[in-house]
Amino acid sequence: MNKYRNAIFLTSLLVMSISAKADGERWYDAIQASQGQGIFQQQCAGCHGSNAEAKPGWQTASGEAAAPPLNGSAHSWHHSLKQLRKTIQMGSIQLGGVMPGFGKKLSDSEIDNAIAFFQSKWPDKTYSDWASRFKVAGKASKSTDVTALLKRRLGNNDIAPATETGIEGVYQTQFGDKFAYLIDGGRYVFIGDLIDLKLAKNMTEISRREVVKDVISQAPVSESIVYPAIGKEHTVLNVFTDTSCGYCQKLHAEVGFLQEAGISVRYFPFPRGGKRGPGYKDLRSVWCAENKLQAMDIAKGISSGELPDGNCAEASIVDKGHILGRKIGITGTPALFSSNGTKFNGYVPYKELIPMLLGEL
Ligand code: HEC
């Protein structure tokens, strides 16, 4: 079983090369053809050849060696889909042939996928002759979208295209800051973390970090307020902050220790409660200030002075920060992210934070 799974996983990498012959014009999609490749290699290739091309001399051979090519060059295309399925289910032994039946060994969809695989080897002309002869309709690309039901249920289209997980029939998608897994062609959805116990890896966490890294790397540095590392910069700590939050102030009082340890602190504004939140007005003032570092210090109570007016063009960065933070699932402040996208929940004292950040490198 494991071997079989691995085969599926590896062959799914070949999906791109197969997709050329598996778009909306054929009855199957590229995923079916790629899953069928694994099945075919395991169950059929020994007799029919790994590319369904048969063994040399098959025409004059007998027994197993006489297995015909299924790549469109012989006459497999003279059979309807129904007949092909039946041949594979029943085999030919009871007809005096040598091919075993697979009806008990493979599910209907596995048999279909094996057919999809060898049909992906058929030239377009052969396929279209076959399709018009047996009136086989192409698969509309819509029906291959495993997220279709989810989209219908959630009533919105803010659902990321599904990606393969490496597990047969399980696809990952994302909506809002949540990761979800689609099963059985998108009929079932599971929301949560997917963990590979063998590799001891949280697969969802890996994806989540990628999203954080993407979001942060796309935000212009000029829109953040950076307290740079003193001396050589070892790493950057990204902090979504709200001037009115107690733990943000506490963390801010320790930024100097982080800087001395070679860690730059990059602040993004995140007004808790949005426009009506307690820190919204001051955050705008900080982002409008001529000297933003000084204004941040004032707003967080570690130095005294007046904050400038918060009505300027740059104040809109505060709203952007809120949207950005929501995208990566922030609900409270401070929200800390290391440069590899790992999230630390809430305030962490600098004495613990520094070794964690440097230990990650
Ligand atoms: C033990 C060898 C063997 C295995 C394994 C085998 N086949 Fe066959 N297959 C044959 C032979 C030989 C024939 C030709 C009929 C006969 O002589 O039994 C055949 C015929 C067929 C045909 C009909 C082709 C035509 O042109 O009429 C199809 C379709 C087919 N096999 C598909 C498969 C698939 C799919 C698998 C794997 C799930 C498979 N076979 C596994 C030996 C094998």
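Note that the structure is a prediction, hence the values are computed from the model and not measured.

**Student:** What is the right way to look at the overall build of the chain in this model?
**Tutor:** For the chain, the count of helices and strands is 15 helices and 11 strands. Relative to the globule expectation of 21 Å for 361 residues, the C-alpha radius of gyration of the chain, 29 Å, shows a markedly less compact shape. Projecting the C-alpha coordinates of the chain onto the three principal axes gives extents of approximately 95 × 40 × 30 Å. When the accessible surface of the chain is totalled, it reaches about 19,400 Å², and 54% of it is carbon and sulfur. Taken as two groups, the 41 positive and 35 negative side-chain charges of the chain have centres that lie 8 Å from each other.

**Student:** For this particular structure, what's the right way to read the site of the ligand?
**Tutor:** If you check the shell around the ligand, you find 21 residues, and the closest are Cys-44, Cys-47, His-48, Ser-92 and Met-99. In the model, an oxygen atom of the ligand is placed 2.4 Å from a nitrogen or oxygen of the Ser-92 side chain. Between an oxygen atom of the ligand and a main-chain N or O atom of Val-98, the distance comes to 3.0 Å. The set of elements that each furnish at least two residues to the shell around the ligand consists of helix H4 (45-48) and helix H5 (81-90). When residues of the shell around the ligand are assigned to their parent elements, the largest contribution, three residues, is made by H5. Its residues assigned to classes, the shell around the ligand comprises 11 nonpolar, nine polar and one charged.

**Student:** Sorry if this is basic, but what is going on with the confidence of the model for the chain here?
**Tutor:** When pLDDT drops low, the exact placement of atoms in the prediction is not to be read closely. Taken over all residues, the pLDDT of the chain has a mean of 88, while the share at 70 or more is 91%. Overall, residues 1-20 carries pLDDT values under 50, and its contacts beyond four positions in sequence, including any with other chains, amount to 25 contacts.

**Student:** So what exactly am I meant to see when it comes to the pairing of strand S4 (residues 188-191) here?
**Tutor:** Two faces, one strand: in a regular strand the side chains alternate between the faces of the sheet. As defined by bridge partners, strand S3 (residues 178-183) adjoins S4 across four bridges and the pair is classed as antiparallel. The residue of S4 that forms the bridge with Ile-183 is Tyr-188. If you look at the hairpin formed by S3 and S4, you'll find four residues sitting between the two strands, and Asp-184 has a positive phi there, around 55°.

Scoring rules and cut-offs
Residues numbered from 1 in each chain as written. Predicted model: local features only at pLDDT ≥ 70, side-chain atom pairs only at ≥ 80, totals over all residues. Heavy atoms only, no water. Helix = DSSP H or I, 4+ residues; strand = E, 2+ residues; numbered from the N terminus. Rg over C-alpha atoms; globule rule 2.2 N^0.38 Å. Areas by Shrake-Rupley, 256 points an atom, 1.4 Å probe, with all protein chains shown as cover. Lys, Arg positive; Asp, Glu negative; His and termini not counted. Charge placed at Lys NZ, Arg CZ, Asp CG, Glu CD. Near = heavy atom within 4 Å. Polar contact = N/O pair within 3.5 Å; in protein donor to acceptor, adjacent residues only side chain to side chain. Nonpolar A, V, L, I, M, F, W, Y, C, P; charged D, E, K, R; others polar. pLDDT = per-residue confidence, 0-100. Contact = heavy atoms within 4.5 Å. Pairing = 2+ DSSP bridges.

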